[in-house]
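Chains, contacts and geometry: an overview
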Amino acid sequence: MTKPVIGFIGLGLMGGNMVENLQKRGYELIVMDLNKDAVGRVVERGNAREAASAKELTEASDIVMLCLTKSEVVESIVYADDGILAGISEGKVLIDFGTSIPASTRKIGADLAEKGAGMIDAPLGRTPAHATDGLLNIMAAGDKETFDKVKPVLDEQGENVFYLGALGAGHTTKLINNFMGMTTVCTMSQAFAVADRAGVDRKQLYEIMSTGPSNSPFMGFCKNYAVDGVSDLGFSINNANKDLGYFLRMAEDLGTRAEIAEGTSHNLQAAVDAGMGEGNVPEIFDYFMKLER
């Protein structure tokens, strides 16, 4: 079968590596990004070109993929006069790999459906290194027929592709996952900071706690920074803060309150306000070390 033409918007660390993987697998790519160096690298590898607008990209593609930072950015690209909605037509599919607000995703999906196009929300797990090799975890949701249509491409990008049901379930699951993960990082980082103030050796605290049920990869990332000075969880405090804000908005949309998430969000926002937003999430340990009554 002929491979579908892929339009890809968002060539950051994750998106750029995803595109490289697709190019290695023989797909034709049409790309867009504000970073022209990133666009140049894709075009230089061959079988790829740059689009002048999201409308042009969408018109020339069978599947449009987004790997963007925020729901607001996704909506601006979808609804611009020269955006995705202006170029979409029957049979095309939009896949959003970013972490977006589920209500926004469902709205976009409904507007695309009016033009006979489909949408899949497919947020990602794992790292940019996994993206290069097509080994991501992909949490996909949307109409089952649409999912089945694009699954062969998703299978070339992900080692584990989960189908989660109706549109928005992927973004919902990702926000829950990130709430849990970022809360763990904040909790363990603060535990190390309090231990330090109390005169308890941080390394010994980790050795004790990691032998029990609290042990997790996230605990390991926190130990790597707080004990060894190695910042190896490639996810920024800015991104974590954004995702916790989205989680709280989702909880509000569901008619509930997430008080634990409010605490995590408060700490992440405080670290951002202290100028630490570009650092990886375990570096919030430095904020807790400076925290006074």
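Residues numbered from 1 in each chain as written. Predicted model: local features only at pLDDT ≥ 70, side-chain atom pairs only at ≥ 80, totals over all residues. Heavy atoms only, no water.

1. Examining the overall build of the chain
A tally of helices and strands in the chain yields 14 helices and nine strands. Here the chain has a C-alpha radius of gyration of 20 Å; the compact-globule value for 293 residues is 19 Å, and the two agree. A total of 293 residues make up the chain; the buried ones form 52% of that total. When the accessible surface of the chain is split by element, carbon and sulfur atoms take 52% of a total near 13,700 Å². The positive charge centre, built from 27 side chains, and the negative charge centre, built from 40, are 2 Å apart in the chain. (Helix = DSSP H or I, 4+ residues; strand = E, 2+ residues; numbered from the N terminus. Rg over C-alpha atoms; globule rule 2.2 N^0.38 Å. Buried < 20%, exposed > 50% of the residue type's maximum accessible area, 1.4 Å probe, protein only. Areas by Shrake-Rupley, 256 points an atom, 1.4 Å probe, with all protein chains shown as cover. Lys, Arg positive; Asp, Glu negative; His and termini not counted. Charge placed at Lys NZ, Arg CZ, Asp CG, Glu CD.)

2. Describing helix α11 (residues 217-226)
Across the 10 residues of α11, seven count as buried, placing the element largely inside the fold. Listing the buried residues of α11 in full gives M219, G220, C222, K223, N224, Y225 and A226. Where α11 is buried, its residues touch α9 (169-197), α10 (202-209) and α14 (284-290). (Contact = heavy atoms within 4.5 Å.)

3. Regarding the packing of aromatic side chains
According to the stated counting rule, one finds six aromatic pairs in the structure shown. Just above the ring of Y27 sits the side chain of K3; from NZ or CZ to the centre is 4.4 Å. In this structure, K144 is placed above the aromatic ring of Y163, and the distance from its NZ or CZ to the ring centre is 5.7 Å. (Phe/Tyr/Trp six-rings, centres within 6.5 Å; stacked < 30°, edge-to-face > 60°. Lys NZ or Arg CZ within 6 Å of the ring centre and 35° of its normal.)

4. Observations regarding the sheet that holds strand β3 (residues 48-50)
Read across the sheet, six strands follow the order β3-β2-β1-β4-β5-β6 without closing on themselves; strand pairing throughout is parallel. The two strands at the open ends of the sheet, each matched to only one other strand, are β3 and β6 (118-121). Each strand of the sheet is rotated relative to its neighbour by a mean of 20 degrees, with strand direction disregarded. Bridge count for strand β2 (residues 29-32) against β3 is three bridges, and the pairing is parallel. Its bridge partner lying in β3, L29 is registered against A48. Most of the contacts of helix α2 (residues 36-45) go to β3, to which it runs at about 150 degrees, and overall it touches β2 and β3. (Pairing = 2+ DSSP bridges. Axes fitted to C-alpha atoms, helices over the stretch in contact; angles between N-to-C directions.)

5. Some points on the nonpolar core
One finds F192, F247, L268, I284 and Y287 to be the most contacted residues of the largest nonpolar core, which totals 35 residues. Taken together, the elements giving at least two residues each to this core come down to α9, α10, α11, α12 (237-253), α13 (259-273) and α14. Among the elements that line this core, the one with the most residues is α9, at nine residues. Look past the residues within four positions of L268 in its chain and what remains in contact with it is C186, I237, A240, N241, L244 and I284. Counting residues in each nonpolar core, the second largest holds 32 residues, with F8, L11, V42 and M65 among its members. (Core = buried A, V, L, I, M, F, W, Y, C linked by side-chain atoms within 4.5 Å.)

6. Points about the pairing of strand β1 (residues 6-9)
Successive residues of a regular strand alternate their side chains across the two faces of the sheet. Where burial is concerned, the two faces of β1 agree: the one with I6 and F8 and the one with G7 and I9 are both buried. Two strands pair when backbone bridges link them, and β1 and β2 are joined in this way by four bridges, in the parallel orientation. Bridging across to β2, I6 finds its partner in L29. Viewed along the sheet, the connection from β1 through helix α1 (residues 13-24) into β2 turns out right-handed. Bridge count between β1 and strand β4 (residues 63-66): four bridges; the pairing is parallel. For F8, the partnering residue across the bridge sits in β4 and is M65. (Right-handed = clockwise from strand over helix to strand, strands pointing away.)

7. Observations concerning the sheet that holds strand β8 (residues 136-140)
A sheet is described by the order of its strands in space; here three strands give the open sequence β7-β8-β9, paired in mixed fashion. Edge positions in the sheet fall to β7 (124-125) and β9 (158-163), since each has one partner strand and no second. Pairing of β7 with β8 involves two bridges; the strand directions are antiparallel. Within β8, the position partnered with L124 by the bridge is I138. In the packing of helix α8 (residues 144-155) onto the sheet, contacts are made with β8 and β9, and the angle to β9 comes to roughly 170 degrees.

8. Considering the pattern of salt bridges
Under the defined criterion, the tally for this structure stands at 15 salt bridges. In this structure, R49 engages E56 in a salt bridge whose closest nitrogen and oxygen atoms are separated by 3.2 Å. Among the salt bridges present, the one from E72 reaches R249, with a minimum N-O distance of 4.0 Å. Taken as a pair, E72 in helix α4 (residues 71-79) and R249 in helix α12 lie far apart in primary sequence, 177 residues in all. According to the relative accessible area criterion, E72 is partly exposed, its value standing at 42%. (Salt bridge = Lys/Arg side-chain N within 4 Å of Asp/Glu carboxyl O.)

9. Observations regarding the side chain of S100
Structurally, S100 can be placed in the loop between β5 (93-96) and α6 (102-113). For S100, a relative accessible area of 3% translates into the label buried. There is a polar contact of 2.9 Å between the side chain of S100 and the side chain of D96. Among residues more than four places away in sequence, those in contact with S100 are S71, V74, T105, H171, L175 and Y246. (Polar contact = N/O pair within 3.5 Å; in protein donor to acceptor, adjacent residues only side chain to side chain.)

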